[in-house]
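# Observations on the model geometry
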Amino acid sequence: MSFTLRSVKVPPNSVSLEEARSRTFEFFRSACRSIPTIMEIYNLYDIVNPSQLRSAIASQFRKNAHITNPKVIDMLLFKGMEELNNITEHAKQRHHIIGQYVVGNQGLVQDSGSKDQGSSEFLKNFYSGNYF
């Protein structure tokens, strides 16, 4: 899969917003097609399923949906292709993928609850203290 991604390159400039938009959709399709390979390389089947990973990729695209300058879109496409190339060529480790795309900005699932529920008074004081 990484050999086919090497042949895909972003031209220096998109002529119009429609051309940049079509390149964005093309890149999104290639990123979604590489999900099974990524799941296999990084052994992510025990943590996340392919549809959740696809949703994480889609959220990265939606984050920049407000951009209308074709040159900025081309730059973001280039950065995205480099990121996908690094992931498919195993330039990142498993915990990088989990931290960026599985856990994301939500934080760890274990940290969502309060630490001091049902704890002793000593632990409540310890958690509320400033020990950093």
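Residues numbered from 1 in each chain as written. Predicted model: local features only at pLDDT ≥ 70, side-chain atom pairs only at ≥ 80, totals over all residues. Heavy atoms only, no water.

Across the protein, pLDDT averages 82, with 78% of residues at or above 70. Counting interchain partners and residues more than four positions distant, the pLDDT-below-50 stretch residues 107-112 has 1 contact. (pLDDT = per-residue confidence, 0-100. Contact = heavy atoms within 4.5 Å.)

Moving on, we get to helix α4 (residues 50-63). Over its 14 residues, α4 runs 20 Å from end to end, which matches the ideal 20 Å to within 8%, given 1.5 Å per residue. Those residues of α4 not exposed but buried are L53, A56, I57 and A58. Along its buried surface, α4 packs onto α2 (17-33), α3 (35-42) and α6 (94-103). (Helix = DSSP H or I, 4+ residues; strand = E, 2+ residues; numbered from the N terminus. Expected span 1.5 Å × (residues − 1). Buried < 20%, exposed > 50% of the residue type's maximum accessible area, 1.4 Å probe, protein only.)

According to the stated counting rule, one finds 4 salt bridges in the structure shown. Between R23 and D74 there is a salt bridge; the shortest N-O distance is 3.9 Å. In this pair, R23 is assigned in helix α2 and D74 in helix α5 (residues 70-88), connecting sequence segments 51 residues apart. The residues R23 and D74 share a single accessibility class, namely buried. K92 is the salt-bridge partner of E83, the closest N and O atoms lying 2.6 Å from each other. Taking the relative accessible area as the measure of exposure, K92 reaches 13% and is therefore buried. Look at the salt bridges and you will find they share partners, linking E19, R23 and D74 into a network. (Salt bridge = Lys/Arg side-chain N within 4 Å of Asp/Glu carboxyl O.)

Phi at N43 is positive, roughly 55 degrees, even though this residue is not glycine. Within the chain, H90 stands out as a residue other than glycine whose phi angle is a positive 60 degrees. Within the secondary structure, H90 is located in the loop between α5 and α6. Residue classification places H90 among the partly exposed residues on the basis of a relative accessible area of 46%.

Moving on, we come to the nonpolar core. Within soluble globular proteins, side chains that are nonpolar tend to cluster in buried spots. Grouped together as the largest cluster of nonpolar side chains are 19 residues, with contacts concentrated most on I38, M39, Y42, L44 and L53. Secondary-structure elements contributing two or more residues to this core are α2, α3, α4, α5 and α6. Element by element, the count of residues in this core is highest for α5, at 5 residues. Excluding its chain neighbours within four sequence positions, the residues that come into contact with Y42 are N86, I87, H90, A91, K92, Q93, R94 and I97. (Core = buried A, V, L, I, M, F, W, Y, C linked by side-chain atoms within 4.5 Å.)

Turning our attention to the environment of R23. Overall, the relative accessible area of 18% leaves R23 in the buried class. Sequence-wise, R23 and D74 are 51 residues apart; in three dimensions their C-alpha atoms are separated by 8.5 Å. Among the polar contacts made by the side chain of R23, one reaches the side chain of S14 at a distance of 2.6 Å. (Polar contact = N/O pair within 3.5 Å; in protein donor to acceptor, adjacent residues only side chain to side chain.)

Take the packing of α2 against α5 next. As a packed pair, α2 and α5 sit with axes 10 Å apart at the nearest point and diverge in direction by 15 degrees. Between α2 and α5, the angle is such that the two are roughly parallel. Helix-helix and strand crossings are classified by hand; for α2 and α5 the assignment is left-handed. Contacts between α2 and α5 involve L17, A20, R23, T24, F27, S30 and A31 from the former and P70, I73, D74, L77, G80, M81 and L84 from the latter. Taken together, the residues of the contact of α2 with α5 break down into 9 nonpolar, 3 polar and 2 charged. (Axes fitted to C-alpha atoms, helices over the stretch in contact; angles between N-to-C directions. Parallel < 35°, antiparallel > 145°, perpendicular 65-115°, else oblique. Left-handed = near helix turned anticlockwise from the far one by under 90°. Nonpolar A, V, L, I, M, F, W, Y, C, P; charged D, E, K, R; others polar.)

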